[in-house]
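Observations on the three-dimensional arrangement
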Amino acid sequence: MLGRREFLQLGLLFGGAATFLQSPLRSALADSATMRLFWFGSPARAERTLGVARLFEAANPGVKINGEVGGNDYWSKLATMLAGGNAPDIFQLAPSRFADYARRNTLLPLGDYLGSVIRTDKLMPGVLDLGAVDGKVVGMPLSLNAFALLYDSVAFDEAAIAPPGPTTTWDDFARLCIDITKAIGRKNVWAVGNGARYSYAFEAFLVQRGKRLYGEDGRIGFDATDASDWYGYWESLAKNGGCVSAEVQAMDKLQIDSNPLSTGHAVMAIAFSNQLLGYQALAKNRLGITSLPIADAAGPSGLFYKASLHFGIASTSRQPELAARFLDFFTNDLAAGKILGVERGVPINLDVREAVTPLVDDVSKRSVDYISSIAGRVGAFPPQVPIGASELEERVFRPIADQVAFGQLTVAAAGEELVAQANRILRS
C-alpha cells in the first residue's frame, strides 16, 4: 500500500507530466467537478492509474480526480464507505466479487452510456458480457486475463527439471512439485503455495470435470466429493513436501507480495496472467508463465478469459456522466492505454491493444503472448458469482483450507462442511 508521501509524489509527478502527453482530447466539461476513484494494487498500478487520471484532468479543465489506493484493507474500507453512504464515484472490483456487489445495488447500470458516452465500437467482440449481471452491463471490464501458473525459470534450470507446461496433468504436477522441492534442498522453500485456498484454482479444477463453481441458479455447481478431492490433493502434496507448510500458507493474504513465490518460500505461484508483471517486479529471477495443470489431455483445459478487474460507477454517484466519461477514457484513449500498458491485463480495446503491444517490455509481452497462446483452449465464460460469494470465499473457503492444513479437519469433513456452508450462505 502506498504511503501518503509516495501517493502525493506520484500525483505531483503525473500532474506535471500530463500536459506533455499527446492524446485526442474529448470536449471539456463545462462545469468544474470533483470525482473520487478507489482501487487496490501495487505501487506500479497506482503510478499508472494516477497517470491516466492526470491525463483525463488535462483533457477536461475544471475536473479533479481524487485517487485513493487500498491495500489488504481495501474490501473492508469499501464496505464501510458503501454502508455509510460515502462511496467513491468509481471503484475497482475483482471478478470474484463483482456480481455480488452488483446484486446488492451498489453499481449503476451502464446501458444509458454504452455506445454514446462510452464508445464500444473498437472493443473485443463479446467482452461487455464479462461486465453483465442479470442481463445488464453494470461494470466495465478493464482488460482480459486468464488463470496461469508462474514459475522461477532459474530454479528449474538449476535443478535440471523441466518446468510445467500446457500438457502437465495434476498428477504430473504433484510429482514435479515433490521433485523440485527436493532438488532445491533449502529449509522453508517448497515448490508452490497451498492451492487449496484459491477458489479460482478450484474453479479450473471443476471446469475440467465438466462442473462449475457456481451455476446459473446462483447455487454451487459442485458436490462434497469434488471439494474433498480438491482438499485431499493439496493435503497429500503438503504431506509429501511438495507445497508450503500450514504456517507459511496462513501468511498468504492472496496479494502478490504475500504469496510464497514473492516471500521466497516457493518457486511457483498459481495466479492470473496479468499478475506476471507484479510478481516479476519482486522476483530476482526470470519468471515463466504457463497454464494450470489439467485433468486429462483430451478434456477441458479449465481456462476461460476473464475480466482481470472491473471499474464500476457507484449507484449513489453525484457525477455519473463524468464517471462514464472517465471509463470511456480509461478504456478507449490511446495515450491512456500506453500509460496503463498491460499491468491490469490485455486491453479490451483492439486499437489500444495494437498500439500498446509493440511498446511493452519483455515481461508484459510474455503476458500478452500467453493470452494469445491459449486462444484455442479457452472455454465459455462461467455464470457470474451470486450474492454471498465474497462471504463464502473469505469466511468459509479459505478458513476450511487452513483447518485442513493444520490438521484440524479431515478432507472428507472439509468437503461436507464447504457444501453445507455454501448452501447456507447462498440460500440466505
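Residues numbered from 1 in each chain as written. Predicted model: local features only at pLDDT ≥ 70, side-chain atom pairs only at ≥ 80, totals over all residues. Heavy atoms only, no water.

Turning our eyes to something else, we now look at the sheet that holds strand β6 (residues 140-141). The pairing of strands in a sheet comes from backbone hydrogen bonds and takes either a parallel or an antiparallel form. Across the sheet, 5 strands lie side by side as β2-β1-β3-β13-β6; this open sheet has mixed pairing. Whereas interior strands pair on both sides, the edge strands pair on one side only; in this sheet they are β2 (63-70) and β6. Note that strand β3 (residues 90-93) and strand β13 (residues 310-313) share 4 bridges and pair antiparallel. Along β13, the bridge assignment pairs F91 with G312. Where helix α2 (residues 43-59) meets the sheet, it contacts β1 (33-40), β2 and β3, and its direction lies at approximately 170 degrees from that of β2. Sheet contacts for helix α3 (residues 74-83): β1, β2 and β3; angle to β1, the most-contacted strand, approximately 145 degrees. (Pairing = 2+ DSSP bridges. Helix = DSSP H or I, 4+ residues; strand = E, 2+ residues; numbered from the N terminus. Contact = heavy atoms within 4.5 Å. Axes fitted to C-alpha atoms, helices over the stretch in contact; angles between N-to-C directions.)

We now examine empty space enclosed by the protein. Inspection of the entire model under this criterion finds 1 cavity of 30 Å³ or more. What the largest cavity holds in volume is close to 140 Å³. For the largest cavity, the lining is made up of 13 residues, of which L142, F330, L340, G341 and P347 are closest to its centre. For the lining of the largest cavity, the elements supplying multiple residues, two or more each, are α12 (320-332) and α13 (334-340). (1 Å grid on protein atoms, 1.4 Å probe; cavity = no way out; pocket = protein on both sides within 12 Å on 5 of 7 lines; lining within 4 Å. Points joined across faces, edges and corners; volume = space filled by probe spheres on them.)

Covered by surrounding structure in β3 are I90 and Q92 together with F91 and L93, the residues of both alternating faces. Bridge count between β1 and β3: 2 bridges; the pairing is parallel. Looking across to β3, one finds that F38 is bridged to F91. (Buried < 20%, exposed > 50% of the residue type's maximum accessible area, 1.4 Å probe, protein only.)

Below, the discussion takes up the environment of Q319. Looking at the secondary structure, you find Q319 in the loop between β13 and α12. For the pair Q319 and D121, spaced 198 residues apart in sequence, the C-alpha separation works out to 24 Å. If near-sequence neighbours (up to four positions away) are discounted, Q319 is found in contact with A33, T34 and D89.

One pass over the full model with this rule turns up 28 aromatic pairs. Centre to centre, the rings of F56 and F326 are 5.2 Å apart; their planes meet at 85 degrees, and the pair counts as edge-to-face. A residue pair is termed long-range when its members are at least 10 positions apart, and F56 in helix α2 and F326 in helix α12 qualify at 270 residues. Judged on exposure class, the residue F56 and its partner F326 are both buried. Ring centres of Y231 and F397 lie 6.2 Å apart, and the angle between their planes is 40 degrees; this geometry places the pair in the tilted category. Pair noted here: Y231 is in helix α8 (residues 224-239) and F397 is in helix α16 (residues 389-405), with a separation of 166 residues, a long-range link. (Phe/Tyr/Trp six-rings, centres within 6.5 Å; stacked < 30°, edge-to-face > 60°.)

Of all residues in the protein, 92% attain a pLDDT of 70 or more, and the chain-wide mean is 90. Counting contacts from residues 1-30, a segment whose pLDDT is below 50, to residues more than four positions away or on other chains yields 53 contacts. (pLDDT = per-residue confidence, 0-100.)

This next bit is on the pairing of β1. Burial of β1 is extensive: 7 of the 8 residues sit out of reach of the surface. In this sheet, β2 lies alongside β1 in parallel orientation, the contact comprising 8 bridges. Among the inter-strand pairings, R36 is bridged to a residue of β2, identified as N66. Once you follow β1 into α2 and on to β2, the crossover reads as right-handed. (Right-handed = clockwise from strand over helix to strand, strands pointing away.)

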